[in-house]
Amino acid sequence: MCKIRIGGIKLSDELLGLECVEAPPVGTRGSVLCRVLAASKVNMPFVSSTYDAGALRVSCCVDAEDENLVGRCIASEPVLAGKVTFVRGVGLVSLFPHHFNMEVLGRAFSAFGRAGLPIHGMASSLSALTFVTAYADLDRAVETLLGTFELPEGGCPLKPAIKVKQI
């Protein structure tokens, strides 16, 4: 099978995953979570939501260093207290650009599955496919993906170089 050429692979720093599920009747839990994180200036490099069988699931990732702040934010909101699950030690792997090629998505899922890599979440933007996986497995994820995808000559996975924190 021929490799598919992509522009690059970008990796995140270590993140903290948050999962908030709201069973019917769906109210405001997901929006409250986003509001309190935004009010505390917590950056969310990944946000995804699904609505299935009347239940709303909001998943997001925040900087692992913000865990205590996020915990206080959640505890301060009665609608969230005890309703948000923390998934420690996750990271993002983004493939770009995907040019709306569904084969890129299928092959990426297949590569993760063959390698036994967990997928905690996935999202697509106009330019990138982003997978949430175990941070400890990011290098193995890249190695696995390079068996399926071809980067431009001299290209290499991009790791974060500078961390910008807004105050």
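Look a little higher up for the structure.
Presented here is an overview of the structure given in this document. (Residues numbered from 1 in each chain as written. Predicted model: local features only at pLDDT ≥ 70, side-chain atom pairs only at ≥ 80, totals over all residues. Heavy atoms only, no water.)

Things to note about the overall build of the protein chain
Inference 1: Helices and strands together make up the secondary structure of the protein chain, namely four helices and nine strands.
Inference 2: For the protein chain, the α and β elements follow one another from N to C terminus as β-β-β-α-β-β-α-β-α-β-β-α-β.
Inference 3: Residues counted as buried form 41% of the 167 residues belonging to the protein chain.
Inference 4: By sequence separation, contacts in the protein chain at least 24 residues apart represent 75% of the contacts at least 6 residues apart.
Inference 5: Roughly 9200 Å² of accessible area belongs to the protein chain as shown, and the carbon and sulfur atoms make up 56% of that amount. (Helix = DSSP H or I, 4+ residues; strand = E, 2+ residues; numbered from the N terminus. Buried < 20%, exposed > 50% of the residue type's maximum accessible area, 1.4 Å probe, protein only. Contact = heavy atoms within 4.5 Å. Areas by Shrake-Rupley, 256 points an atom, 1.4 Å probe, with all protein chains shown as cover.)

Section: helix α4 (residues 138-146)
Inference 1: All of the buried residues along α4 are Leu-138, Ala-141, Val-142, Thr-144 and Leu-145. An end-on view of α4 places all buried positions within 165° of arc, on one side of the element. Away from its buried face, by an angle of more than 90 degrees, α4 presents the exposed residues Asp-139 and Glu-143.
Inference 2: Each element contacted by the buried residues of α4 is listed here: β2 (8-11), β6 (84-96), α3 (102-115), β8 (129-134) and β9 (149-150). (Arc of directions from axis to C-beta.)

Topic: unusual backbone geometry
Inference 1: Of note in this structure, Lys-41 is not a glycine but carries a positive phi near 60°.
Inference 2: Looking at where Lys-41 falls in the secondary structure, it is placed in the loop between α1 (29-39) and β4 (46-52).

Concerning the pattern of salt bridges
Inference 1: As enumerated under the stated definition, the model contains six salt bridges in all.
Inference 2: One salt bridge connects Arg-107 with Glu-103, and the closest N-O pair in it is separated by 3.0 Å. Of this pair, Arg-107 and Glu-103 are both found in helix α3, four residues apart, which corresponds to roughly one turn of the helix. (Salt bridge = Lys/Arg side-chain N within 4 Å of Asp/Glu carboxyl O.)

Quick look at the nonpolar core
Inference 1: Judged by nonpolar contacts, the single largest core of 20 residues is most densely connected at Ile-9, Val-93, Leu-95, Phe-131, Leu-145 and Phe-149.
Inference 2: Counting only elements with at least two residues in this core, the list comes to β2, β6, α3, β8 and α4.
Inference 3: Considering every element that reaches this core, the biggest residue donor is α3, with five residues.
Inference 4: Apart from the residues within four sequence positions on either side, Phe-131 is in contact with Gly-91, Leu-92, Val-93, Leu-95, Leu-105, Ala-108, Phe-109, Phe-112, Ile-119, Gly-121 and Met-122. (Core = buried A, V, L, I, M, F, W, Y, C linked by side-chain atoms within 4.5 Å.)

Observations concerning the packing of α3 against α4
Inference 1: Packing of α3 against α4 brings their axes to within 9 Å, and their N-to-C directions diverge by 120°. As the angle between them shows, α3 and α4 are arranged oblique. Every pair of crossing elements has a handedness; the one defined by α3 and α4 is right-handed. Of the residues in α4, those in contact with Ala-108, Ala-111, Phe-112 and Ala-115 of α3 are Arg-140, Ala-141, Thr-144 and Leu-145.
Inference 2: Classifying every residue of the contact of α3 with α4 gives six nonpolar, one polar and one charged. (Axes fitted to C-alpha atoms, helices over the stretch in contact; angles between N-to-C directions. Parallel < 35°, antiparallel > 145°, perpendicular 65-115°, else oblique. Left-handed = near helix turned anticlockwise from the far one by under 90°. Nonpolar A, V, L, I, M, F, W, Y, C, P; charged D, E, K, R; others polar.)

As for the environment of Ala-128
Inference 1: Relative to the helices and strands, Ala-128 is located in the loop between β7 (121-124) and β8.
Inference 2: Among the residues examined, Ala-128 registers a relative accessible area of 11% and is labelled buried.
Inference 3: In the structure, Ala-128 is positioned 34 residues away from Ser-94 in sequence and 6.0 Å away in space, judged by C-alpha atoms.

Comments concerning the environment of Met-1
Inference 1: Here Met-1 lies in the segment before β1 (4-5).
Inference 2: In the structure, Met-1 is positioned 147 residues away from Thr-148 in sequence and 8.5 Å away in space, judged by C-alpha atoms.

A word on the pairing of strand β5 (residues 55-63)
Inference 1: With respect to burial, β5 is a largely interior element, seven of its nine residues being buried.
Inference 2: Examined bridge by bridge, strand β3 (residues 15-22) and β5 share eight bridges and lie antiparallel to one another. Bridge assignment links Val-21 to a residue of β5, and that residue is Arg-57.
Inference 3: Strand direction decides the pairing type here: β4 and β5, joined by seven bridges, are antiparallel. (Pairing = 2+ DSSP bridges.)

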